[in-house]
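Observations on the model geometry
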Amino acid sequence: MFAAENGLKGDPRLQAISDAIRVVPHFPKQGIMFQDITTLLLDHKAFKDTVDIFVDRYRDMDISVVAGVEARGFMFGPSIALAIGAKFVPLRKPKKLPGEVIAEAYELEYGSDCLEMHVGAVKQGERAIVIDDLVATGGTLSAAIRLLERVGAHVVECACVIGLREAKGQCRLNGKPLYILVEPREVDGCY
Amino acid sequence: MFQDITTLLLDPKAFKDTVDLFVERYKGKDISVVAGIEARGFIFGPPIALEIGAKFVPLRKPKKLPGKVISEEYVLEYGRDCLEMHVGAVEPGERALVVDDLIATGGTLCAAMKLLERVGADVVECACVIELPDLKGRERLNGKPLYVLVESH
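Residues numbered from 1 in each chain as written. Chains lettered and ligands numbered in written order. Predicted model: local features only at pLDDT ≥ 70, side-chain atom pairs only at ≥ 80, totals over all residues. Heavy atoms only, no water.

**Comments concerning the side chain of E94 of chain B**
All names here are of chain B.
- Along the chain, E94 turns up in the loop between β4 (80-86) and β5 (95-103).
- The buried category is assigned to E94, whose relative accessible area is 13%.
- One polar contact links E94 to K55, side chain to side chain, over a distance of 2.7 Å.
- With sequence-adjacent residues up to four places away left out, E94 is seen in contact with S32, V33, K55, A89, G120, A121 and D122. (Helix = DSSP H or I, 4+ residues; strand = E, 2+ residues; numbered from the N terminus. Buried < 20%, exposed > 50% of the residue type's maximum accessible area, 1.4 Å probe, protein only. Polar contact = N/O pair within 3.5 Å; in protein donor to acceptor, adjacent residues only side chain to side chain. Contact = heavy atoms within 4.5 Å.)

Dropping the structure here:
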């Protein structure tokens, strides 16, 4: 669900967050309008507002795990975790985590990739959210959900700054709710 | 002997204390840029940046940043690697910190500092959670100060 349709209708912070994201055409390949959140991170107020919106939502939901998807999920997840008193669990590409891991494969447009989580990081019954900067097909988030569920955690929601309108409610997310702040923009006037 | 900070992140109090120690040191020092080194620098850098009112600038492996970048090569034990920063992210004269989880030989931190200095920023300090002092990384920072929380021998 989009934040604007879920309690934040007309919230000026959302427009500022959207405006702070830069669109880079044809990256990494022709036809893709890449939503670059690095410009959001340069805007202290907009970055803080992004984190605050997620914190306000999850603060009282008894969440003990914030799982962030490498690498841009690392830029948002830890601040949220710190503010709500949860642990931060990095979900990483293969061979980065040093300890014993469980791995979950997922489909790419061409081929497949893999997400890993440390064994023992998350305990059975813990309430978790998954964070990433953007959701497109939902493949990566689905893999993240499966990792957490395999160790018995309860994934309460997936949270992304940017989401395609088609991404919400897709069954590829295993029926888990998605909370999204803004939609992608097509073109960029400013940069 | 790999220093695994992921267990620190599982301890909300210890993780918060880590960030608070850096924030106490850098708040009110007119620092406008916190540059974090991919990927573990992305875990510590943003919370610090948010608390001290600075922007966060990710320094990334090649081909990850979508816009125009500047690159700095550095030497590894075997071979080379490269760190990139977006053009325009940092302005001349800005006061900057570089943040990473750990300093070993100092090669990556040195490349990070060079990127910032190339665009005219003033690197005030490098900040890491852990130092491996036996690898003498401190000496590779061209006289820039290093602040660490713990040492590991």
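Next comes the rest of the write-up.
**Describing the interface of chain A and chain B**
- Across the contact, 31 residues belong to chain A and 32 residues belong to chain B.
- In this assembly, chain A packs against chain B so that about 2,500 Å² is buried in total across both faces, 72% of it on carbon and sulfur atoms.
- If you sort the residues of chain A by the area they bury against chain B, L42, H44 and L82 of chain A come out on top, with a joint share of 22%.
- For the interface between chain A and chain B, the tally reads 0 salt bridges.
- The interface formed by chain A and chain B includes 6 residue pairs in polar contact (both at pLDDT 80 or more).
- Going through the elements one at a time, β1 (22-25), β2 (33-36), α2 (38-41), α3 (44-58), α4 (73-84) and β4 (87-91) of chain A are the ones with two or more residues in the side of chain A that touches chain B.
- With 5 residues, α4 of chain A is the single largest residue contributor to the side of chain A that touches chain B.
- Taken together, the residues of the side of chain A that touches chain B sort by class into 19 nonpolar, 5 polar and 7 charged. (Buried area = accessible area lost by both parts, 1.4 Å probe. Salt bridge = Lys/Arg side-chain N within 4 Å of Asp/Glu carboxyl O. Nonpolar A, V, L, I, M, F, W, Y, C, P; charged D, E, K, R; others polar.)

**Here we look at the UniProt feature "domain: Phosphoribosyltransferase" (unreviewed entry) in chain B**
- The residues that UniProt annotates with the feature "domain: Phosphoribosyltransferase" (unreviewed entry) are residues 24-135 of chain B.
- For residues 24-135 of chain B, the helix share is 24%, the strand share is 38%, and the end-to-end C-alpha distance is 28 Å. (UniProt positions renumbered as here; feature names shortened; annotations may be inferred.)

**Examining the sheet that holds strand β7 (residues 146-151) of chain B**
Residues and elements named next belong to chain B.
- Pairing is parallel in the open sheet, where 5 strands are placed in the order β2-β1-β5-β6-β7. Both edges of this open sheet fall to β2 (55-59) and β7, since each of them pairs with a single strand only. Each neighbouring strand pair of the sheet contributes to a mean axis angle of 20°, computed without reference to strand direction.
- Across 4 bridges, strand β1 (residues 33-37) lies against β5 in parallel orientation. From the neighbouring strand, G36 faces β5, where its bridge partner is V99. (Pairing = 2+ DSSP bridges. Axes fitted to C-alpha atoms, helices over the stretch in contact; angles between N-to-C directions.)

**Some details on the packing of helix α2 (residues 12-26) of chain B against helix α3 (residues 41-52) of chain B**
Residue and element names in this part refer to chain B.
- Between α2 and α3, whose axes approach to 9 Å, the crossing angle comes to 50°. Relative to α3, α2 is oriented oblique. Along this stretch, α2 crosses α3, giving a crossing that reads as right-handed. Here F15, T18, V19, F22, V23 and Y26 of α2 come into contact with α3, specifically with I43, F44, P47, I48, E51 and I52. (Parallel < 35°, antiparallel > 145°, perpendicular 65-115°, else oblique. Left-handed = near helix turned anticlockwise from the far one by under 90°.)

**A short note on the environment of N142 of chain B**
Residues and elements named next belong to chain B.
- Tracing the chain through its elements places N142 in the loop between β6 (122-131) and β7.
- Note on N142: relative accessible area 56%, which makes it exposed.
- Sequence spacing of N142 and K64 is 78 residues, and the spatial spacing of their C-alpha atoms is 28 Å.
- Sequence-distant contacts of N142, defined by excluding residues within four places in its chain, comprise C110 and M113.

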